[in-house]
Amino acid sequence: MDRQVIPSHWKIKRSTHFFTKNKVPKALLTHHNTAKGVFGQICVMQGVVTFYGFADEAATDPEQTIVIEAGQFAVSPPEYWHRVELSDDAQFNINFWTEGGNESKNEGKSLFNSSTIHSKPIEKLFDKPEE
């Protein structure tokens, strides 16, 4: 997947509060995607958030890994399967962008979808403890 740019006429539909490692929705740590017509923008305020992007819902090997450090952001395009991993001190939020003028089109709809295949983190993506 190439670097994604949110179209300039799109607007923020909703922003989340700040998440930390102890207060993050479990859905973000497993396969999920942004809904049709929604870009997700992950904004890291502190620590590191690692974004794993997958070719499709069934994929277990990421096709891309983006390390997002404090002061940086990354964009997930509509309907792109991904998950995140957080450093212990991570603090981040997500802005959900939709096409300007289509507020009623997305009203009341979920801005992301959870995977029906992967409901738990993929263990091989996590560092194994040294023995």
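Just so it is clear, the model here is predicted, and its values are computed rather than measured. (Residues numbered from 1 in each chain as written. Predicted model: local features only at pLDDT ≥ 70, side-chain atom pairs only at ≥ 80, totals over all residues. Heavy atoms only, no water.)

A.B. asks: Requested: an account of unusual backbone geometry, with residues and values cited.
C.D. replies: One non-glycine residue with positive phi stands out, namely glutamate 79, at about 60°. One can find glutamate 79 in the loop between strand 7 (73–76) and strand 8 (81–86). (Helix = DSSP H or I, 4+ residues; strand = E, 2+ residues; numbered from the N terminus.)

A.B. asks: How would you summarise empty space enclosed by the protein if you had to cite specific residues and measurements?
C.D. replies: Following the criterion strictly, the structure yields one cavity of 30 Å³ or more and no others. Put simply, the largest cavity is a space of about 100 Å³. Around the largest cavity, the lining is made up of eleven residues, and of these Leu28, His32, Ile42, His82 and Ile94 lie nearest the centre. Sorting the residues of the lining of the largest cavity by element identifies strand 3 (32–34), strand 4 (38–46), strand 8 and strand 9 (91–98) as the ones contributing at least two each. For the lining of the largest cavity, the per-class residue count stands at six nonpolar, five polar and no charged. (1 Å grid on protein atoms, 1.4 Å probe; cavity = no way out; pocket = protein on both sides within 12 Å on 5 of 7 lines; lining within 4 Å. Points joined across faces, edges and corners; volume = space filled by probe spheres on them. Nonpolar A, V, L, I, M, F, W, Y, C, P; charged D, E, K, R; others polar.)

A.B. asks: An account of the nonpolar core is requested, with residue identities and associated values reported.
C.D. replies: Of all hydrophobic cores here, the largest spans 18 residues; its most connected members are Leu28, Ile42, Val49, Val84, Leu86, Phe92 and Ile94. The set of elements that each furnish at least two residues to this core consists of strand 4, strand 5 (48–54), strand 8 and strand 9. Setting aside residues no more than four positions away along its own chain, valine 49 makes contact with Ile42, Val44, Ile66, Val67, Ile68, Val84, Glu85, Leu86, Ala90 and Phe92. Counting five residues, the second largest nonpolar core, distinct from the first, contains Trp10, Phe39, Val75 and Trp97. (Core = buried A, V, L, I, M, F, W, Y, C linked by side-chain atoms within 4.5 Å. Buried < 20%, exposed > 50% of the residue type's maximum accessible area, 1.4 Å probe, protein only. Contact = heavy atoms within 4.5 Å.)

A.B. asks: So what's going on with the packing of aromatic side chains? Residues and values would help.
C.D. replies: Throughout the structure, instances matching the rule amount to three aromatic pairs. Each ring, one from tryptophan 10 and one from phenylalanine 39, has its centre 5.1 Å from the other, and the planes form 75°; the classification is edge-to-face. Here phenylalanine 39 lies in strand 4 and tryptophan 10 lies in the segment before strand 1 (11–15), a separation of 29 residues in the sequence. Given a relative accessible area of 12%, tryptophan 10 falls into the buried group. Relative accessible area serves as the criterion here: at 8%, phenylalanine 39 is assigned to the buried category. (Phe/Tyr/Trp six-rings, centres within 6.5 Å; stacked < 30°, edge-to-face > 60°.)

A.B. asks: I'd like to hear about the pairing of strand 4, residue by residue, with values.
C.D. replies: By the criterion of burial, strand 4 is predominantly enclosed, with seven of the nine residues buried. Direction of pairing for strand 4 relative to strand 9: antiparallel, over a ladder of eight bridges. Opposite glutamine 46, over in strand 9, you have glutamine 91 as the bridge partner. Looking at chain direction, strand 4 and strand 7 are connected through four bridges and run antiparallel. Pairing of glutamine 41 across the sheet is with valine 75, part of strand 7. (Pairing = 2+ DSSP bridges.)

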